[in-house]
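Descriptive analysis of the structure
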Amino acid sequence: MIQVENLTKRYGQHTAIDSLNFTVESGEVLGFLGPNGAGKSTTMNILTGYISTTEGRALVNGVDILEEPETVKKMIGYLPEFPPLYGDMTVNEYLDFVCDIKGLSKSEKKQSQEKIMDLVRIGDVQKRLIRNLSKGYKQRVGLAQALVGNPKVLILDEPTVGLDPKQIIEIRNLISNLGKDHTIILSSHILSEVSEVCERVIIINKGKIVASDTPENLSKGLDDGSKMIVRVAGPEKQALKVIKEIHGVKLAELQGSKEKGTVDIIVESVPEIDIRKPLFYAMSKASYPILMLKSMGLTLEDIFLQVTNQETEVR
Amino acid sequence: MLSVIKKELRTYFTSMTGYIFLASFLFFTGLFFTLLNLGGASPNYNNVLSNIQFIFLLAVPMLTMRLLAEEAKQKTDQLLLTSPLPLKDMVIGKYLAAVAVFFGALAITFVYPIIMSTLGDISWGEIIGSYIGFFLFGCALIAVGLFISSVTENQVVAAVATFTTLLLLWLLDAIIQGLPIDRTSGVLFAAVIAIGLAILIYFTTKNIYVAAGTGLVGLVAIAIGYIIKASFYDGLMPRVFQWFSLYSRYNDFELGVLSLSPVIYYITFSCAFVFLTIQMLEKKRWS
């Protein structure tokens, strides 16, 4: 559905994005992840035809955005980082205007407006001025604007920024639902969000793609051996000694004590051996009861920091 | 395009802008009509229209300052530029909305000649000709304001810059009177333009060779021009500035003459600045 080839954007000496290559399949929900200033918004602005490229091209459904901008723009709904709202209009007037500039006919207009307002749940504020709405409602009106004209592709730039936790869950569910019959590119720097909604994640840093995979594979790929943290009730040194004697343990490290009379130990095992059972029996034999055993598989946060840091080191 | 016009008109009249514009425009035209025609018992209405030209200095920035500057500032241009609406339709729509408000105000003032016609005979031909001139004059200035609004993201900057530009245009005829008309200054003036153009090219393309080349070609052309026809440079400076003298083009209308050349001049001037505005926005996307 979307093909990005060698996309580069330079502002004078500064390179905002540097030869990006990726494709998005039809119906896929792609997460775009990166620290602030990584080039997420720039890429999205190019895909939607807001700004031009310096080099390379972007194709939507096989059509080049620079060659036939109007055809491509009809296929895309865009929610920019700051929802482009007119404060002096009511929600109704605003959606009316958006329908007009997207070229909807009169009969389509009313029907699609009602459907969209239902979908993003802004029906109760439709007669209010946009400037008086809360941030959450503004964001939803912005999303409604992107949905006008039922575009096949949705490009959402940080759709949940500035919302409260309840609204974030609502918007996230909405995006999951939309993902069933839309191709979606979603940017965020909140990783849990991306891992929940997206089928595939692209991590971008300083204008370059540093990782691209499913959220699960990303955590697996970078997970070096199985690390876990175990909390046992017992004296530090003896407990550590017992653990070190278990077959398969590569490393055991004291991690201090968080509860009285207990000790936290990080245990790293050889990848192919599951040491949880032997660990349980060993501790039980030594009568140091295990109070907690937690796998330390990398979260997306860790991956994110890891890949973005690697990139800095290389430079 | 219609949707943009509709939206702009709504913005004019949901904010204070439209009302302040109408109020000040109608107040000053009313004032001059009362003083010159009613108070002075004069049937010469054209006099009123030419006397209130100064109103453009206030009214045009009021109409145009917001048009594109505010879109850029509020990032609502992202909506317009990523919608299937062509850029030129957006710009022309905005221009036409400002022109429509101006036209509306002007249409209301048409009451004054009607009042006069009940009191005695007036020359309708002259008045309508004068109105056409006044309207086109305003349209040309609105185009200038639209262009300036596309350059900045700040409404106030747009307003001040537009005001200053219009003031300069207003004073241009007086300035032209004082410009040197000898041959040397004509040549120097041409050289300054050529070098200025080269500098401009350097800053837009950052390519020193192209810029230096352009400057050099310009200077050579000036030298060749001097050898072939030196008299061309006599009074060159005033002649060039005369091209921008919008106010002097109004003189014919003031006398009640509807001649073609100023009409074409104003229309061309308006189109040129609307076109420049489109180019300006295009350039912003490409930079």
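What counts, and at which threshold
- Residues numbered from 1 in each chain as written.
- Chains lettered and ligands numbered in written order.
- Predicted model: local features only at pLDDT ≥ 70, side-chain atom pairs only at ≥ 80, totals over all residues.
- Heavy atoms only, no water.
- Helix = DSSP H or I, 4+ residues; strand = E, 2+ residues; numbered from the N terminus.
- Buried < 20%, exposed > 50% of the residue type's maximum accessible area, 1.4 Å probe, protein only.
- Contact = heavy atoms within 4.5 Å.
- Areas by Shrake-Rupley, 256 points an atom, 1.4 Å probe, with all protein chains shown as cover.
- Rg over C-alpha atoms; globule rule 2.2 N^0.38 Å.
- Lys, Arg positive; Asp, Glu negative; His and termini not counted.
- Charge placed at Lys NZ, Arg CZ, Asp CG, Glu CD.
- 1 Å grid on protein atoms, 1.4 Å probe; cavity = no way out; pocket = protein on both sides within 12 Å on 5 of 7 lines; lining within 4 Å.
- Points joined across faces, edges and corners; volume = space filled by probe spheres on them.
- Nonpolar A, V, L, I, M, F, W, Y, C, P; charged D, E, K, R; others polar.
- Buried area = accessible area lost by both parts, 1.4 Å probe.
- Salt bridge = Lys/Arg side-chain N within 4 Å of Asp/Glu carboxyl O.
- Polar contact = N/O pair within 3.5 Å; in protein donor to acceptor, adjacent residues only side chain to side chain.
- Domains from an automatic or database assignment.
- Expected span 1.5 Å × (residues − 1).
- Patch = residues over 30% accessible without salt bridge, like charges linked within 9 Å, V, L, I, M, F, W, Y side chains within 5 Å.

Looking only at helices and strands, chain B has 15 helices and zero strands in total. Its C-alpha atoms put chain B at 70 × 50 × 30 Å along the principal axes. When the 287 residues of chain B are sorted by exposure, 48% land in the buried category. Nonlocal contacts in chain B, meaning residues at least 24 apart in sequence, comprise 77% of its contacts between residues at least 6 apart. Looking at chain B as shown, the accessible area adds up to about 13700 Å², and 75% of this sits on carbon and sulfur atoms.

Within chain A one finds 11 helices and 14 strands. In terms of C-alpha radius of gyration, chain A reaches 25 Å, well past the compact-globule figure of 20 Å for 315 residues. Oriented by its inertia axes, the alpha-carbon framework of chain A measures out at about 80 × 45 × 30 Å. Residues classed as buried in chain A amount to 50% of the 315 residues present. Across chain A, contacts joining residues at least 24 apart in sequence account for 69% of those joining residues at least 6 apart. For chain A, the computed accessible surface area is about 15100 Å², with 50% contributed by carbon and sulfur atoms. The averaged location of the 42 negative side-chain charges in chain A is 4 Å from the averaged location of its 39 positive side-chain charges.

Here we take up empty space enclosed by the protein. In total, this model carries two cavities of 30 Å³ or more according to the counting rule given. Within this model, the largest cavity holds a volume of roughly 40 Å³. Lining the largest cavity, in full, are Glu158, Thr160, Val161, Ser187, Ser188, His189, Ile190 and Glu193 of chain A. Each residue belonging to the lining of the largest cavity can be placed in one class, and the counts come to two nonpolar, four polar and two charged. Size it by volume and the second largest cavity reaches roughly 40 Å³. Taken together, Ile76, Gly77, Tyr78, Lys102 and Gln145 of chain A together with Leu79, Thr82 and Ser83 of chain B make up the lining of the second largest cavity. Elements with a minimum of two residues in the lining of the second largest cavity: β6 (76–79) of chain A together with α6 (77–82) of chain B.

Taken together, the contact between chain A and chain B spans 29 residues of the former and 23 residues of the latter. Considering only the side of chain A, the residues that lose the most area to chain B are Tyr50, Tyr86 and Ile101 of chain A, jointly responsible for 28% of the buried surface there. Joining chain A to chain B, the criterion identifies two salt bridges. At the boundary of chain A and chain B, one finds seven residue pairs in polar contact (both at pLDDT 80 or more). Element by element, the count of residues in the side of chain A that touches chain B is highest for helix α3 (residues 91–101) of chain A, at six residues. In terms of residue class, the side of chain A that touches chain B is made up of 15 nonpolar, six polar and eight charged.

Partitioning chain A into domains gives domain 1 (2–221) and domain 2 (224–295). Taking only C-alpha atoms into account, the centre of domain 1 of chain A sits 46 Å from that of domain 2 of chain A.

Another point: the layout of surface pockets. The calculated volume of the largest pocket comes to roughly 700 Å³. Lining the largest pocket we find 36 residues, and of these Asn45, Tyr50 and Ile51 of chain A together with Lys75 and Gln78 of chain B sit closest to its centre. For the lining of the largest pocket, the elements supplying multiple residues, two or more each, are α1 (40–47) of chain A together with α5 (69–74), α6, α7 (87–109), α9 (124–151) and α15 (260–286) of chain B. Ranked by residues supplied to the lining of the largest pocket, first place goes to α1 of chain A with four residues. Of the residues contributing to the lining of the largest pocket, the split by class is 15 nonpolar, 11 polar and 10 charged.

To continue, consider helix α5 (residues 135–147) of chain A. Along its 13 residues, α5 of chain A runs 19 Å from first to last C-alpha, staying within 8% of the 18 Å computed at 1.5 Å per residue. Burial analysis of α5 of chain A places 11 of its 13 residues in the buried class, which makes it a mostly covered element. Those residues of α5 of chain A not exposed but buried are Gly136, Tyr137, Gln139, Arg140, Val141, Gly142, Leu143, Ala144, Gln145, Ala146 and Leu147 of chain A. Residues of α5 of chain A that are buried sit in contact with β6, α3, α4 (106–120), β7 (153–157) and α6 (165–178) of chain A together with α6 of chain B.

Moving on, we get to a nonpolar patch on the surface. Residue and element names in this part refer to chain B. On the surface, Ile195, Ile199, Tyr202, Phe203, Ile208, Tyr209 and Leu219 cluster together into a nonpolar patch covering about 740 Å² of accessible area. Looking at the nonpolar patch, the elements that each hand over two or more residues are α11 (183–205) and α12 (208–228). Of all the elements, α11 adds the most residues to the nonpolar patch, at four residues. Structurally, the position occupied by tyrosine 209 is in helix α12.

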